[in-house]
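Inside the fold
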Amino acid sequence: MSEPTVADTRRLNSKPQDLTDAYGPPSNFLEIDVYDPQTVGVGRNRFTTYEVRMRTNLPIFKTKDTCVRRRYSDFEWLKNELERDSKIVVPPLPGKALKRQLPFRGDEGIFEDSFIEERRVGLEQFINRIAGHPLAQNERCLHMFLQDESIDRNYIPGKV
């Protein structure tokens, strides 16, 4: 009769972490912040823009530190482009808040500070989830959204 096999439970010999490893720059990082909302325009031409800042050391991105200004419709454009041309499941955007756009409200509607902040947080979560996806990182529309000053809506979809 053969002896029963016992699982090897010895710890792997890993090298001890030194200060350079612990406090040095991460090997790969991608940080995207959505901040500094600004409402511009008057009446029906009024809208809010957000600063979108990306910092990365991923080789797929040609520029490592960018800052662009985007509005909600630009985020919608990106979502639609990714749904049309890529194989990834695209997360939802924060809602359009249609009730807040009705006339004769007693408040500022979609231009109220609390709503703008809630939307900013939702947009930041949305763009970080998309940009963190390895397949989305190859999409030309994501690179244009994060790195180009203006979005060319007539671009030819494809991979970077």
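Per an unreviewed UniProt entry, the chain goes by PX domain-containing protein and derives from Alosa alosa. Entered under Sequence similarities (unreviewed entry) in the UniProt record, the comment concerning the chain runs "Belongs to the sorting nexin family."

On to the overall build of the chain, then. Of regular secondary structure, the chain possesses 4 helices and 3 strands. With 160 residues in all, the chain has 33% of them scored as buried. Counting contacts in the chain only where the partners sit at least 6 residues apart, residues at least 24 apart contribute 52% of the total. Carbon and sulfur atoms provide 52% of the accessible area of the chain, an area that totals close to 11,100 Å².

Attention now goes to the pattern of salt bridges. The full count for this structure, using the stated rule, is 11 salt bridges. Notably, a salt bridge pairs Arg 153 with Asp 74, separated by 2.5 Å at the nearest N-O pair. Placement of the pair is Arg 153 in the segment after helix 4 (140-147) and Asp 74 in helix 2 (residues 72-85), with a sequence separation of 79 residues. A relative accessible area of 10% places Asp 74 in the buried class. In this structure, the salt-bridge partner of Arg 84 is Glu 81, at a minimum N-O distance of 2.5 Å. Of this pair, Arg 84 and Glu 81 both sit in helix 2, 3 residues apart, which is roughly one turn of that helix. Exposure remark for Arg 84: the relative accessible area of 53% places this residue in the exposed category. A single salt-bridge network, built from bridges that share partners, covers Glu 31, Asp 33 and Arg 55.

The terminal C-alpha atoms of helix 2 lie 20 Å apart, and with 14 residues this matches the ideal 20 Å at 1.5 Å per residue to within 8%. Along helix 2, the residues that are buried comprise Tyr 72, Asp 74, Phe 75, Trp 77, Leu 78, Lys 79, Glu 81 and Leu 82. Looking at the buried positions of helix 2, the neighbouring elements they touch are strand 1 (30-40), strand 2 (47-56), strand 3 (65-71), helix 3 (113-131) and helix 4.

Time to look at the environment of Gln 38. Tracing the backbone through its elements, the reader meets Gln 38 in strand 1. In contact with Gln 38, not counting residues within four places along its chain, are Phe 47, Thr 48, Thr 49 and Arg 69. A polar side-chain atom of Gln 38 sits 3.2 Å from a polar atom in the side chain of Asp 36.

Our focus in this paragraph is helix 3. Over its 19 residues, helix 3 extends 27 Å from the first C-alpha to the last, a length consistent with the 27 Å expected when each residue adds 1.5 Å. Every buried residue belonging to helix 3 is among Phe 115, Ile 116, Arg 119, Arg 120, Gly 122, Leu 123, Phe 126, Ile 127, Ile 130 and Ala 131, and all of these are buried. Residues of helix 3 that are buried sit in contact with strand 1, strand 2, helix 2 and helix 4.

Looking now at the sheet that holds strand 2. Read from one edge of the open sheet, 3 strands run 1-2-3, paired in antiparallel fashion. Strands at the two margins of the open sheet, each flanked by one partner only, are strand 1 and strand 3. Along the sheet, successive strands turn relative to each other by an average axial angle of 20 degrees, direction set aside. Pairing analysis gives 9 bridges linking strand 1 to strand 2, with the strands arranged antiparallel. Paired with Gln 38 across the bridge in strand 2 is Thr 49. Packed onto the sheet, helix 2 meets strand 1, strand 2 and strand 3 and runs at close to 105 degrees relative to strand 3. Of the strands in this sheet, strand 1 and strand 2 touch helix 3, which is tilted by about 150 degrees from strand 1.

Basis of the calculations
- Residues numbered from 1 in each chain as written.
- Predicted model: local features only at pLDDT ≥ 70, side-chain atom pairs only at ≥ 80, totals over all residues.
- Heavy atoms only, no water.
- UniProt positions renumbered as here; feature names shortened; annotations may be inferred.
- Helix = DSSP H or I, 4+ residues; strand = E, 2+ residues; numbered from the N terminus.
- Buried < 20%, exposed > 50% of the residue type's maximum accessible area, 1.4 Å probe, protein only.
- Contact = heavy atoms within 4.5 Å.
- Areas by Shrake-Rupley, 256 points an atom, 1.4 Å probe, with all protein chains shown as cover.
- Salt bridge = Lys/Arg side-chain N within 4 Å of Asp/Glu carboxyl O.
- Expected span 1.5 Å × (residues − 1).
- Polar contact = N/O pair within 3.5 Å; in protein donor to acceptor, adjacent residues only side chain to side chain.
- Pairing = 2+ DSSP bridges.
- Axes fitted to C-alpha atoms, helices over the stretch in contact; angles between N-to-C directions.

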